[in-house]
Amino acid sequence: MPETIAAVILPSLIQALGAIGVPLATIAAIAPALALGASYLLIGGALALASTAFQPPTPEAPKPEDGKYNLKQSVPPLTYALGKVKKGGDYAFLEETGGTAYHITVLAAHSIEGFTEHYLHDEAVTVDGSGYVTSPSHFNSKVRILTRLGAAASTAYAHVISAFPSIWTNDHRGDGLTTVAMDVQSVASEDIQSTFPSGMPLHTAIFEGHNGIYDPRSDASGYTENIALHRLWHLTHAVGGKLTMDEMYLPDWETAADVADETVINRSGGSDPRYHGGFWFRADNDPVAVGRIMDQASELVIYERPDGLVGVHPGEYVEPDIRLVQNDIISVNYDPNKRKATTVLAVRGRYTDPAKGYNTADAAIYGIPYPSDDERTKTIENQAVQRHNHMARLQKIAFIRANAPRVTVKAHYEPAKDVPYRRFVKVHLPPKLDESVVEIIGRPKLSLRNLTMEFEGIVVPATLYAFNAATEEGEPGASVTPIEPEDVPMPDNFAVTIETEDVGGGSTAAYGEATFTFQNATFQYEVQWEPTAGGAVQSVVGVAGATTVRTGFLADGVEYKFRSRTWSAGARSEWGDYVTLTATADPFAPGDVLDVIGTGGAGQVEVEWTAPNSANYKAARIYLSGTNDFGTATLAATEYGAPNATDSRAITGLGAGTVYGWVVAINGSGVEASPIATGAMTVT
């Protein structure tokens, strides 16, 4: 008579483990994994199970948030990424030379389909064809990101070899490893905060993972987000079940993959695949725990067929082909499951939300919990689920199962012999079980002595997997929009005036006074100035919150250009536009010249005047014109002299004709008094 391996081995194995001192908690943890009707059946013999019992605990599969940081340790466990994920990597290289830090991290221990987006800290970045980060602009192309997709024969990063030829060579190819090389150039100390506001950039990436997932429907391998195919890969990989493809019953897996690809309608009226998702794990994670994630996400039940091959029940309702009636049943234990301690009022869900940066997010609650501490809720958490509709469907199924009646059925062997290979059976035993569908949740027990089959199950509706998203999915929590760091604003209403200051001895000096409109009490304004003709560039930074900034002393009579920018917490804004002004130490004109006389002559004119009795008088400018209009006159000469002194100047080289002249007193800053005319002068 056909028997399952588990049915024969499990009872004796549990007795053996207890006899040799294995704790009951350990046995209890192992036994459900061997249950034929459970979602997490462990395939294997007594030896494999016993060895598992004595192994130290292994880490659980990482949460999505665990991939936010790049791991630094001597020999990190290899990572595997199935579907689309966001994660950092494990450091393989970190050195600095010539002011540039070189990072190489390993993101996956296999080839991938490709990178979707790169992040530095929490900022999505854009890279150009050479890998330089061009956006956000504050990185100022100081960061470069290069990648390798994990080809079987990869190539080493040439620029790292060039920078470190003694420790990194062409042999450091990273065959079969998905890697990222990030170069970060140093910047001036004043630019650190504005270029790298969060410190040394921390790289993470969204990428489409393993592209070697086998699909028995097409007999080809490639990238997929189909969770059923992920499970098939895991069972046949060294980090999973370590089985071969020949040990798998592929028609079952093809059906499960088809079910996972089916289209469902979400609450927005859009289309979602039924069981698609993605997650990542490490090679040292417990393979049973990793498998449990995929089984739960895709509603799979792994089982062993009569021929010894590993089959799978897909995540859909299948009309039972086994129907047990009164003559087939020996006894039934029926539990309506209506106790307060066991019933569930609501189911909460937690899943990986791509819209929230691939972080764990809460789904809408299914059911109505009491508004008190006694909510009697159940939580479903699965990092492979990446759609709200997907999690909502799992919540509904969990709600139905948690509140479903429990039954234990003992039946004659012949009508129930195929129960171990089914997920659903139909039991007709009125009045409590009237054509009821029973989902098997326990390991069927075969008694060879009595030729009976006993199994546990829950009574579920044939509509177990039916779901109306419009009324049942619920409203997910609002996504928190990350606040993008704002650039430091440029100064508002920047203006400059030339002011003077008494420096002693009756002398004054000019300086620039910049003013701004108040923006923030922490802002500091920097003013920079330089001569327009070229020369030293100088700057000064005002105190926090001040709206007036004074420059140093300026050279009298020199034209300068001024500009400003804002500083805040070590970060700075861009420079504003230039303002051009001429420095004037003495803005007050001297008195007008007196007694101006102009005399013509052969090829020249001679002009005489008396300087004003003004302490700031420095010189007189003589202007000439062919017409009696000062507006058309040009500067012919400048004569320096003392106040209240009589002075004169001959201007030669003139052509014959009538010439008009004007004498203008000036101070040391070139500020002019009124022009005093000489009258007409005849040049012969």
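Each residue is numbered by its place in its chain's sequence as written, counting from 1. Thresholds applied to this predicted model are a pLDDT of at least 70 for local features of residues and 80 or more for the giving and counting of side-chain atom pairs; totals over whole chains, interfaces and linings are not thresholded and use all residues. Derived side-chain values reflect all non-hydrogen atoms in the structure, with water molecules and hydrogen atoms excluded from consideration.

**Student:** Provide a residue-level description of the overall build of the protein chain, including the pertinent values.
**Tutor:** Numbering goes from the N terminus for both helices and strands, where a helix is a DSSP run of H or I of at least four residues and a strand is a run of E of at least two. Helix and strand counts for the protein chain stand at 11 helices and 43 strands. A burial count over the protein chain gives 46% of its 684 residues as buried. Contacts: residue pairs with any heavy atoms within 4.5 Å of one another. Taking contacts inside the protein chain between residues at least 6 apart in sequence as the whole, the part at least 24 apart equals 66%. Computed by Shrake-Rupley with a 1.4 Å probe, the accessible areas treat only the displayed protein chains as cover when residues are assessed. Counting only carbon and sulfur atoms, one obtains 51% of the accessible surface of the protein chain, whose full area is about 31800 Å². In this scheme, a residue with accessible area under 20% of its type's maximum is buried, one over 50% is exposed, and one in between is partly exposed, where area comes from a 1.4 Å probe on protein chains only.

**Student:** How would you explain the pattern of salt bridges if you had to name every residue and give the values?
**Tutor:** Put simply, a salt bridge is a Lys or Arg side-chain nitrogen that is within 4 Å of an Asp or Glu carboxyl oxygen. Counted under the stated rule, the structure contains 29 salt bridges. With a closest N to O distance of 2.5 Å, Glu-435 and Arg-323 form a salt bridge. Within this pair, whereas Glu-435 is found in strand E26 (residues 433-440), its partner Arg-323 is found in strand E18 (residues 323-324), the two being separated by 112 residues in sequence. The salt bridge involving Arg-649 is made with Glu-639; its shortest N-O contact spans 2.7 Å. With Arg-649 in strand E41 (residues 646-652) and Glu-639 in strand E40 (residues 634-640), this residue pair connects regions lying 10 residues apart in the sequence. Given the relative accessible area of 29%, Arg-649 is considered partly exposed. Three or more residues are tied together by salt bridges with common partners; here these are Asp-215, Arg-217, Asp-258 and Asp-261.

**Student:** Any details on the sheet that holds E41? Residues and values, ideally.
**Tutor:** One open sheet accounts for 3 strands, arranged E37-E38-E41; its pairing is antiparallel. The open sheet has two edge strands with one neighbour each: strand E37 (594-601) and E41. Direction aside, the axes of adjacent strands within the sheet are offset by 15° on average. Note: strand E38 (residues 604-610) against E41, 7 bridges, orientation antiparallel. One bridge is not enough; two strands pair if DSSP finds at least two bridges between them. Only C-alpha atoms enter the line fits that serve as axes; for helices the fit covers just the stretch in contact. Angles between N-to-C directions range over 0 to 180 degrees.

**Student:** Explain the nonpolar core residue by residue, including any values.
**Tutor:** In this text, buried Ala, Val, Leu, Ile, Met, Phe, Trp, Tyr and Cys residues form a nonpolar core when linked through side-chain atoms within 4.5 Å. In this structure, Leu-82, Trp-233, Phe-279, Phe-281 and Met-391 are the most contacted members of the largest nonpolar core, which totals 28 residues. Elements supplying a minimum of two residues to this core: strand E1 (79-82), helix H6 (227-235), strand E15 (279-282), helix H8 (287-298), strand E20 (346-353) and helix H9 (388-403). Apart from the residues lying within four places of it in its own chain, the contact partners of Phe-279 are Tyr-80, Ala-81, Leu-82, Val-85, Val-290, Ile-293, Met-294, Gln-383 and Ala-384. Formed by 25 residues, the second largest nonpolar core is a distinct cluster that contains Leu-232, Leu-300, Val-437 and Tyr-465.

**Student:** Quick one: what's the story with the packing of H6 against H8, residue by residue and with numbers?
**Tutor:** In a pair of packed helices, the angle between the axes and the distance between the axes together describe the arrangement. H8 packs onto H6 with a crossing angle of 155° between their chain directions and a minimal axis gap of 9 Å. Regarding the angle of H6 to H8, the classification is roughly antiparallel. The handedness of the crossing between H6 and H8 is left-handed. Packed against H6, whose contacting residues are Ile-227, Ala-228, His-230, Arg-231 and His-234, the element H8 presents Pro-287, Val-290, Gly-291, Met-294, Asp-295, Ala-297 and Ser-298 at the interface. Residue classes in the contact of H6 with H8 are distributed as 6 nonpolar, 4 polar and 2 charged. For classification purposes, an angle smaller than 35 degrees is called roughly parallel, one larger than 145 roughly antiparallel, one from 65 to 115 roughly perpendicular, and anything else oblique. In this scheme, a crossing is called left-handed if the near helix is turned counterclockwise away from the far one by less than a right angle; it is called right-handed if the turn is clockwise. Residue type decides the class: Asp, Glu, Lys and Arg count as charged, Ala, Val, Leu, Ile, Met, Phe, Trp, Tyr, Cys and Pro as nonpolar, and the leftover types, Gly among them, as polar.

**Student:** Tell me what's going on with the packing of H6 against helix H7 (residues 250-261), and back it up with residues and numbers.
**Tutor:** Running from amino to carboxyl end, H6 crosses H7 at an angle of 145°, the nearest separation of the two axes being 8 Å. Residues Ala-228, Leu-229, Arg-231, Leu-232 and Leu-235 of H6 form the contact with H7, whose participating residues are Leu-250, Trp-253, Ala-256, Ala-257 and Ala-260. Residues that form the contact of H6 with H7 fall into these classes: 9 nonpolar, no polar and 1 charged.

**Student:** Let's hear about the packing of aromatic side chains: which residues, and what values?
**Tutor:** Each Phe, Tyr or Trp ring, with Trp reduced to its six-membered ring, pairs with another whose centre is within 6.5 Å; inter-plane angles below 30 degrees give stacked pairs, above 60 give edge-to-face pairs, and intermediate values give tilted ones. Scanning the model with the defined rule gives 16 aromatic pairs in all. Measuring from centroid to centroid gives 5.3 Å for Phe-93 and Phe-164, while their planes differ by 70°, and the two rings are edge-to-face. Of this pair, Phe-93 sits in strand E3 (residues 90-97) while Phe-164 is found in the loop between helix H4 (158-163) and strand E9 (178-185), placing the two residues 71 residues apart along the sequence. Neither residue differs from the other here; Phe-93 and Phe-164 are each classed as buried.

**Student:** Tell me about H9, and please be specific about residues and values.
**Tutor:** In this model, H9 (16 residues) spans 23 Å end to end at C-alpha, consistent with the 22 Å of a helix rising 1.5 Å per residue. Across the 16 residues of H9, 15 count as buried, placing the element largely inside the fold. In this analysis, the expected span of each helix is defined as 1.5 Å times one less than the number of residues it contains.

**Student:** Describe the side chain of Arg-393, and please don't skip the residues or the numbers.
**Tutor:** In this structure, Arg-393 sits in helix H9. Here Arg-393 occupies a buried position and makes no salt bridge, while the nearest side chain of opposite charge, Asp-272, is found at 6.0 Å. Each polar contact in these results corresponds to two N or O atoms within 3.5 Å; when the atoms are within protein, one needs to be able to donate a hydrogen and the other to accept it, and residues that are neighboring in sequence are counted only if both atoms are side-chain atoms. Of note is the side chain of Arg-393, whose polar atom sits 2.7 Å from the backbone oxygen of Arg-274. Those residues in contact with Arg-393 that lie beyond four places of it in its chain are Val-264, Pro-273, Arg-274, Tyr-275 and Phe-467. His is not counted, nor are the chain ends; Lys and Arg add positive charge and Asp and Glu add negative charge.

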